[in-house]
Amino acid sequence: MNETTLVLGIVLGATAFLVLRYLPAGLKARIGLKDGSACATKSGCGSKGCDGCH
Amino acid sequence: MNGPAAPEIALVGCPNSGKTSLFNALTGSRQKVANYAGVTVERKEGAFVTPAGRPIKILDLPGTYSLRGRSPDEIVTRDVVLGRLEGEEIPDAVVCVADATNLRLVLRLVLELKAVGRPMVLALNMMDIVARQGGRIDIERLSKELGVPVVETVAVKKGGTAALLAAIDELPLLEDPPTEHGWREPSAAEIRAAHAEAARILHDCAFHPGNEQFTRKLDRVLLHPVFGVVILLAVLFLMFQAVFTWATPAMDLIKAGIEAAGVAVGEVLPDGLLRSLIVDGVFAGVGAVLVFLPQIVILFFFIILLEDFGYMARAAFLMDRLMAGTGLHGRAFIPLLSSFACAIPGIMAARVIENRRDRIATILVAPLMTCSARLPVYTLIVAAFVPDRTVFGGFGLQGLVMFGLFAAGILSALAVAFVVKKIVWREAPEPFIMELPDYKMPAPANVGLGLWIRAGAFLRRAGTVILALMILIWFLSTFPAPPDGATGPAIDWSIAGRIGHFLAPLFEPIGFNWQIVVALIPGMAAREVAVGVLATVYALSATGDEVGQALQPILTAEWSLPTALSFLVWYVFAPQCLSTLAVVRRETESRLWPAIMFAYMFALAYAASFATYRIAGALLT
Amino acid sequence: MIPTPDKAFADATPAVTATLGRRARGWSGWVTGLAPTDRLTIPWAEMERRLLEMGFVEGARVELLQEGPFGRDPIAVRVDDLTVALRRRDADVVLVAEG
């Protein structure tokens, strides 16, 4: 595997990750992904389902 | 039907009872957070195993003072306990958590829960505080009077839940819990009677000198019309000062570490794409964000401390008139303050507000008051442009400016709320009744756990979303490569560079250069990423001797002061990150409100930046 | 200390029954009742029950501890063993007597 392929692979992986994360909820439901609506009270913040907080 | 599946327990209690600490103590990390079907209320489920080897599911229900259900989350608590929430199993048992230092209100809740008819245990939490304050509770008598088993718990200490676990083992958990329940919505007369009964039981079974004297004395100062406000401002200022100065040694350490790592990797890898990706994209970009971990930790340290101590309610009290004058709801203020670091919990906590318009008004302005993602941006610019001096006899100028920026956010939130409530919707404010809990010494374990969770969340975010974003940014800033023989920085030919240059005229009136414009876009996904993007963009723009320089001195050299100030002001009002907009959409159940939020914040940011840039430019020339 | 419903209260006739919202800092007395009103933005039945839930029952000892910095609003009130903050406007429905 040459360098360019590796780099492009990494970039594609990152893009896929972001797309999946920010996909509108409706589409997600159709594909069957879980709705990561874990952000709620302080205790939920930071848990696995919610990283919208810091 | 619960049958062979693990029995399910509903965890109920008043707010401020330590219910969540108890839930955490029982379930550890075996927690699942989601939403109830059709309602925007958080559903927290956990699992644990009793000493007898029984697996149990437990549901942490929203805190409430009674089963009557005034706001969406109290309604959920009521419906789950009664077994009439769609899609939810009927609980096999109820564990009611009470703050043992403050039993009067919760005893009435216990009587209500008893009427429902499910097997029940009352857990008196924070018993260590009762003992420390010289109080006594006759557990056996209390149990007899109430007709339910009563146990002591100390959620924050190891082994503090042993009695509760044993009691759960002894509960008569039926195979099929009955669907009927004995609860009816109580009339005022019935509440009075229940109250009297609870008071009588309490008088007979408990003796508690309470923290009353200490709380009273302290409140005389902290709630004083003049001193109270002064102290509040002082506390806030101290917080920002600390965030800025205490964090510096740790931040320098992290910075040096990342730089060293970057250099080491750079030497190992051959010159080329991979090296650029790792050094200019990952190390420069993610590193620029990671550096702020100490600041986040210190900020949260203060927030958690103040909250556990009980001071947040006092802050809400002092600010209420201002808030009421602008139509904001007192009950929302504490979540807003507590979630000072992130708008999302504040927006979700707005659920306790029953009036829809009040709720929307609070949601619309929450992001202006809170967002710790601004911190890296503020810090970067302030460090680069504000001299490290002390003024007015001892106040660090940099900390003062930071404080001023957050104050600007809060004031603008109040102003916008005022406009919304008084001009757009004219309505009298809802009644404001809020408990001011007695002061309590914060438990180090609780504070430590809170910090651990936050730090973990920050690192996780940096390692996932921000990392992915920076990789993407790097890609967009590197391709396509410049044609042979081109002069100037390579980045100008890349996609990001082109977009930046293309949009730059739009932002030129407010003093933004094209690099800033490029940083704004991914800042939508995660605002602190703007810092990372700037780092990467400038790293990729560097030619010759400039390669490898840290970001801060570059900015000091290249940006004018009006531009820096304009950028700062932009961030005070900057339109929200996508996560927040998504949450707003879910909480308001419409696309309209997030759109309005985005639009008004963009307009505000642009106008404020414009004014700042022009005025600063005029003043400085 | 957790007080019992005051026997003295049951026997005494309150000298002046006025509202908690009009009291000044340092005042103490007890609750004699709740006055229905249409002025509020929520139904009276709801308001009454909220107040009861927070402990504003007849016979409860009440003490006005602090006032807010702007316009002496809101007020911090000790209701038996609980400290509650509420706006004077809302406190105006709580009837109290000195003592």
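Residues numbered from 1 in each chain as written. Chains lettered and ligands numbered in written order. Predicted model: local features only at pLDDT ≥ 70, side-chain atom pairs only at ≥ 80, totals over all residues.

Peer 1: Looking at this structure, I do not really get the overall build of chain A. What am I missing?
Peer 2: For chain A, the helix and strand inventory stands at 2 helices and 0 strands. The buried share of chain A, taken over its 54 residues, is 35%. (Helix = DSSP H or I, 4+ residues; strand = E, 2+ residues; numbered from the N terminus. Buried ≥ 20, exposed ≤ 12 C-beta atoms within 10 Å, placed from the backbone.)

Peer 1: Explain the environment of B:R200 here, please?
Peer 2: Topologically, B:R200 is positioned in helix α7 (residues 188–205). Along the backbone, B:R200 and B:E145 are 55 residues apart, and their C-alpha atoms lie at a distance of 9.9 Å.

Peer 1: Just checking my understanding: could you explain the pairing of strand β2 (residues 28–34) of chain C for this structure?
Peer 2: Side-chain positions along a regular strand alternate between the two faces of the sheet. Residues and elements named next belong to chain C. By the bridge criterion, 3 bridges tie β2 to strand β3 (residues 61–70) in an arrangement that is antiparallel. The residue bridging G29 from the neighbouring strand is V62, located in β3. Pairing analysis gives 5 bridges linking β2 to strand β6 (residues 94–98), with the strands arranged antiparallel. Bridge pairing links V31 to V96 in β6. (Pairing = 2+ DSSP bridges.)

Peer 1: Would you mind going over the pairing of strand β4 (residues 73–79) of chain C with me for this structure?
Peer 2: Residue and element names in this part refer to chain C. Of all 7 residues that make up β4, 6 are buried, and the element is covered over most of its length. Linking two consecutive strands that pair antiparallel, namely β3 and β4, is a turn of 2 residues; a positive phi of about 70° is found at G71 within it. Bridging between β4 and strand β5 (residues 82–86) involves 5 bridges; their strand directions are antiparallel. Its bridge partner being in β5, V79 is matched across the sheet by L82.

Peer 1: Would you explain unusual backbone geometry in this entry?
Peer 2: Among all residues save glycine, negative phi is the norm, and among peptide bonds the norm is trans. In this structure, C:P74 follows C:D73 across a cis peptide bond, with omega equal to -10°. Of note, C:P74 is situated in strand β4. Even without glycine at this site, B:M126 takes up a positive phi of about 65°. Mapped onto the secondary structure, B:M126 falls in the loop between β6 (120–125) and α4 (127–132). Positive phi, normally seen in glycine, also occurs at B:E589, with a value near 55°.

Peer 1: I keep staring at the interface of chain C and chain B and nothing clicks. Help me out?
Peer 2: The extent of an interface is frequently quoted as the accessible surface area lost upon association of the parts. On the side of chain B, 41 residues touch chain C, which itself brings 34 residues to the contact. Taken together, the residues that form the side of chain C that touches chain B break down as 17 nonpolar, 7 polar and 10 charged. (Contact = placed C-beta atoms within 7 Å. Nonpolar A, V, L, I, M, F, W, Y, C, P; charged D, E, K, R; others polar.)

Peer 1: I would appreciate a short explanation of the nonpolar core in the present structure.
Peer 2: Nonpolar side chains tend toward joint burial in soluble globular proteins. Residue and element names in this part refer to chain B. C96 and A123 are the most contacted members of the largest nonpolar core, which has 220 residues in total. The greatest single-element share of this core, amounting to 15 residues, is contributed by helix α19 (residues 444–478). The residues that make up this core include at least three from each of domain 1 (8–210) and domain 2 (254–286 + 461–620). If we skip the residues at most four places from it in the chain, A123 touches L22, V95, C96, V97, A98, V151, T153 and L164. (Core = buried A, V, L, I, M, F, W, Y, C linked by C-beta atoms within 7 Å. Domains from an automatic or database assignment.)

Peer 1: Just to check I follow, could you spell out the environment of C:R89 for this structure?
Peer 2: Residue and element names in this part refer to chain C. Its place among the elements puts R89 in helix α3 (residues 88–91). Residue R89 is classed as partly exposed on the basis of its C-beta count, with 17 C-beta atoms lying within 10 Å. Note: C-alpha distance between R89 and L52 (37 residues apart in sequence) is 17 Å.

Peer 1: Looking at this structure, how should I read the packing of helix α11 (residues 273–290) of chain B against α19(B)?
Peer 2: The description of two helices packed together rests on the angle between their axes and the distance between the axes. All names here are of chain B. In contact at an axis separation of 9 Å, α11 and α19 are set at 135° when each is read in the N-to-C sense. Comparing the axis directions of α11 and α19 gives the class oblique. When you trace α11 past α19, the crossing you get is right-handed. From α11, S276, L277, D280, G281, V282, G285, V286, V289 and L290 reach across to α19, where they touch A462, I466, L467, M470, I471, I473, W474 and T478. (Axes fitted to C-alpha atoms, helices over the stretch in contact; angles between N-to-C directions. Parallel < 35°, antiparallel > 145°, perpendicular 65-115°, else oblique. Left-handed = near helix turned anticlockwise from the far one by under 90°.)

Peer 1: Just checking my understanding: could you explain the packing of helix α12 (residues 293–309) of chain B against α19(B) for this structure?
Peer 2: Residue and element names in this part refer to chain B. Two elements in contact, α12 and α19, have axes whose closest approach is 9 Å; the angle formed by their N-to-C orientations is 145°. Considering only the axes of α12 and α19, their crossing is right-handed. Of α19, the residues touching α12 (which contributes L293, I296, V297, F300, F301, I304, L305 and D308) are N446, V447, G450, L451, R454, A455 and F458. Classifying every residue of the contact of α12 with α19 gives 11 nonpolar, 2 polar and 2 charged.

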